[in-house]
2 protein chains.
Amino acid sequence: MDPLPSWNDGATKEAIISYVQDVTNINSPNFIDVNDRIATFDNDGTLWSEQPVYFQFFFAIDRVKSLAADHPEWKNEQPFKAVLENNMEDLKKQGMKGLIEIIMTTHAGMTTDEFEAIVKNWITTAEHPVKKRKFTEMVFQPMLELLEYLRANEFKTFIVSGGGIEFMRPWTEQVYGIPKDQVVGSSIQTEYDYNNGNPVIKRLAKIDFIDDKEGKPIGINRFIGKKPVFAAGNSDGDLQMLRWTDANEHKSFQLYIHHTDSIREWAYDRKSHIGTFDKGLDEAQEKGWTLVDMERDWKVVYPFEL
Amino acid sequence: MDPLPSWNDGATKEAIISYVQDVTNINSPNFIDVNDRIATFDNDGTLWSEQPVYFQFFFAIDRVKSLAADHPEWKNEQPFKAVLENNMEDLKKQGMKGLIEIIMTTHAGMTTDEFEAIVKNWITTAEHPVKKRKFTEMVFQPMLELLEYLRANEFKTFIVSGGGIEFMRPWTEQVYGIPKDQVVGSSIQTEYDYNNGNPVIKRLAKIDFIDDKEGKPIGINRFIGKKPVFAAGNSDGDLQMLRWTDANEHKSFQLYIHHTDSIREWAYDRKSHIGTFDKGLDEAQEKGWTLVDMERDWKVVYPFEL
Ligand SMILES: [Ca+2]
Ligand SMILES: [Ca+2]
């Protein structure tokens, strides 16, 4: 039986299968003990789409709109004014400062249980503005098969994403088969409150950790404690994770998704603001890492095309 | 077959077994889905001994002595002078500042790979000064059986310890059957260095996170993302973790180890500096949490008694 039915036959699919067969073959010099079969996956642009902006940003926008009734002053205050007026040009002008204000306003100031309920509600109801699909329908079918294939071969699969750890955890188990404790992501600081015998953890409006670029090997070391043998990403933000995996003493595998399909998904790389893929693309070619050409290698992109 | 052969028959053993049978019985109103079967264990005093001082402190002392040849100035400089002279009274006078200096000198300034090699070498050679046993022989046989019993019932077992995360990870897999990514502990800050194509992570002499008291629910939330349903500890430092577990919407289990055996192990509780068990002991009694009386409940303490 074909373990990767949504992958077209060719060098990419062959490279994946021959790697897995080699390192799980007890008679191979490249055999890897089950305990060391750690596979890490970027999320945005690697397991699901990320255009025209990261999906977590749509979540933040929707939250601002939901909260606006309690904040009449936002009509006249940036960056909220731009969000409420759907004025993307104005919003861009607010820069990183504006973005952080939106993220902190929408992601902090509640308990972790409350935030989980908010995310669960949003993820099951919100729609992507272009594709008119639920965001969790915009995961990549070939990557779901790859996750499953690796797990069938006793790899432990992790997400290592620049996205918010508590934004992902409410749905990764159901959507990707990846339990909460195998999700590594960016985080804000938290505080424990005994709360008269009903303990809660409160989300504070302070950055704790950015799980991107150099943050990815740092996060892998902190949460997993081992170098992965398999890593997949799609942008320059994953380069350090792929290099870290490449430094593994075991035979390792580096997979880079190249978004080349402007019809079924989006086509972008070196000059894109979202998912910039420039240095990583050069290094993948230099080092012979496996590059997925989405248009060529994937029979279908999304599960709803099946 | 008895799943807990080193536990004497009685209320404690019965409470554990009846909890596990209840929550894994699909026909019980208390049934817990496999994904939610999270069990967290403190380490020092819960899975292995911690007297006369935390074993990680013996590691630090041994490191100071190993490094002393390169630091002739330590002969006259506190806190190192006290360590080199085995002068515990003088060492205590150096207080928290002295302790932190010893920890940072011995735990930072190398790569994570180098530190792992140092710990592995120490843990396989060093001996406990009183028991004259390897430290990993001083784990609690009844707790090894409990870990195994929970895993056989599809609980995912985690360590949540005030000890250093990278001090524990090199040996928890072999000793407790707990993989590195299921170890939560205190940490120092780290830095990624590309190192001309041979990337390393460097350990910096700065505290990152203290996984004790309020830090335990914070660490559980950060690393695991779910409230445990089962938690075990032995001191006031575990009280917040046990309360956090008690707040689980599922039926939960709180286990407190009371060190009552001055012959086979050590007897200490309310007034001990190491493993102070005072508020936790009162709260366990008030709330009806399960208290292990080590002398009464454990047929053997260490595996070498078998
Ligand atoms: Ca990405
Ligand atoms: Ca303890």
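Bear in mind that the values here come from a model prediction, so they are computed numbers and not experimental data.

Draft legend 1. The coordination of the calcium ion (ligand 2), seen in detail. Residues and elements named next belong to chain B. Within the protein, the calcium ion (ligand 2) binds to Asp-42 (OD), Asp-44 (O) and Asn-234 (OD1); these donor distances fall in the range 2.2 to 2.3 Å. Read from N- to C-terminus, the donor residues coordinating the calcium ion (ligand 2) fall into the pattern D-x1-D-x189-N. Residue Asp-44 is found in the loop between strand 1 (38–41) and helix 2 (55–67), and its partner Asn-234 is found in the loop between strand 5 (230–233) and helix 10 (239–246); the two are separated by 190 residues along the sequence. Note on accessibility: Asp-44 and Asn-234 belong to one class, buried.

Draft legend 2. How the structure looks around the coordination of the calcium ion (ligand 1). Residues and elements named next belong to chain A. Surrounding the calcium ion (ligand 1) are the protein donor atoms Asp-42 (OD), Asp-44 (O) and Asn-234 (OD1), at 2.2 to 2.3 Å. All donors of the calcium ion (ligand 1) come from a single chain, and their spacing in sequence reads D-x1-D-x189-N. Of this pair, Asp-42 sits in the loop between strand 1 (38–41) and helix 2 (55–67) while Asn-234 is found in the loop between strand 5 (230–233) and helix 10 (239–246), placing the two residues 192 residues apart along the sequence. Of the two residues examined, Asp-42 and Asn-234, each falls in the buried class.

Draft legend 3. Looking closely at the packing of aromatic side chains. Tallied over the entire structure, the rule returns 49 aromatic pairs over all chains. Each residue in the set A:Trp48, A:Phe55, A:Phe58, A:Phe59, A:Phe115, A:Trp122, A:Phe135, A:Phe167, A:Trp171 and A:Tyr176 is aromatic and connected to the rest through ring pairs, giving one cluster. A cation over a ring is seen here: A:Lys227 above A:Trp244, with NZ or CZ 4.6 Å from the ring centre. Over the face of the ring belonging to B:Phe209 we find B:Arg222, whose NZ or CZ atom lies 4.6 Å from the ring centre.

Draft legend 4. Representation of empty space enclosed by the protein. Scanning the model with the defined rule gives 2 cavities of 30 Å³ or more in all. The volume enclosed by the largest cavity comes to roughly 110 Å³. Lining the largest cavity are 14 residues; nearest its centre among them are A:Ile165, A:Glu166, A:Ser187, A:Ile188 and B:Arg222. Secondary structure elements with two or more residues in the lining of the largest cavity: helix 8 (165–176), strand 3 (183–193) and strand 4 (200–209) of chain A together with helix 9 (215–223) of chain B. It is strand 3 of chain A that provides the largest number of residues to the lining of the largest cavity, a total of 5 residues. Roughly 30 Å³ of volume is contained in the second largest cavity. Around the second largest cavity, the lining residues are B:Asn43, B:Asp44, B:Trp48, B:Phe55, B:Gln56, B:Gly163, B:Phe167 and B:Met168. If you list the elements that add at least two residues to the lining of the second largest cavity, you get helix 2 and helix 8 (165–176) of chain B. Here the lining of the second largest cavity is composed, by residue class, of 4 nonpolar, 3 polar and 1 charged.

Draft legend 5. Spatial organisation of the relation of the copies chain B and chain A. With an RMSD of 0.0 Å, chain B superimposes on chain A once it is rotated by 180° and translated 0.0 Å along the axis. Viewed as a symmetry operation, the transformation between the two copies matches a two-fold axis. Among all residues of chain B, the minimum C-alpha distance to the rotation axis is found for B:Phe223, at 3.3 Å. Interface overlap between copies: 100% of the residues of chain B at the interface are likewise at the interface in chain A, consistent with a symmetric, same-surface contact.

Parameters at a glance
- Every chain is numbered on its own, with residues counted from 1 as its sequence reads.
- Following the order in which they are written, the chains are lettered starting with A and the ligands numbered starting with 1.
- Only residues with pLDDT of at least 70 get local features here, since the model is predicted, and only at 80 or more are side-chain atom pairs given and counted; chain-wide, interface and lining totals rely on the full set of residues.
- Side-chain descriptors were evaluated using all non-hydrogen atoms of the structure, hydrogens and water having been removed beforehand.
- Keep in mind that water is not among the atoms, so a site may look incomplete; donors are the N, O and S atoms within 2.8 Å of the metal, or 3.2 Å for Na, K and Ca.
- Helix and strand assignments come from DSSP, with helices taken as H or I runs of at least 4 residues and strands as E runs of at least 2, each series counted from the N terminus.
- For the exposure calls, accessible area comes from a 1.4 Å probe over protein chains only, and a residue counts as buried if that area is under 20% of its type's maximum, exposed if over 50%, partly exposed in between.
- Here a pair means two rings of Phe, Tyr or Trp (six-membered ring of Trp) with centres within 6.5 Å. Their orientation is stacked below 30 degrees between planes, edge-to-face above 60, and tilted elsewhere.
- Only lysine NZ and arginine CZ atoms are considered, and such an atom sits over a ring when it is within 6 Å of the ring centre and within 35 degrees of the ring normal.
- Method remark: on a 1 Å grid restricted to protein atoms, a set of points is classed as a cavity if a 1.4 Å probe fits but cannot get out and as a pocket if it is open with protein on both sides within 12 Å along at least five of seven lines; lining residues have an atom within 4 Å of a point.
- Grid points are joined across faces, edges and corners, and a volume is the space filled by probe spheres set on the points.
- In the scheme used here, Gly and all other residues not listed as nonpolar or charged are polar, with Ala, Val, Leu, Ile, Met, Phe, Trp, Tyr, Cys and Pro taken as nonpolar and Asp, Glu, Lys and Arg as charged.
- The copies are overlaid by a least-squares fit using only the C-alpha atoms of residues whose pLDDT is at least 70 in both copies.
- Residues are treated as being in contact if the distance between any of their heavy atoms lies within 4.5 Å.

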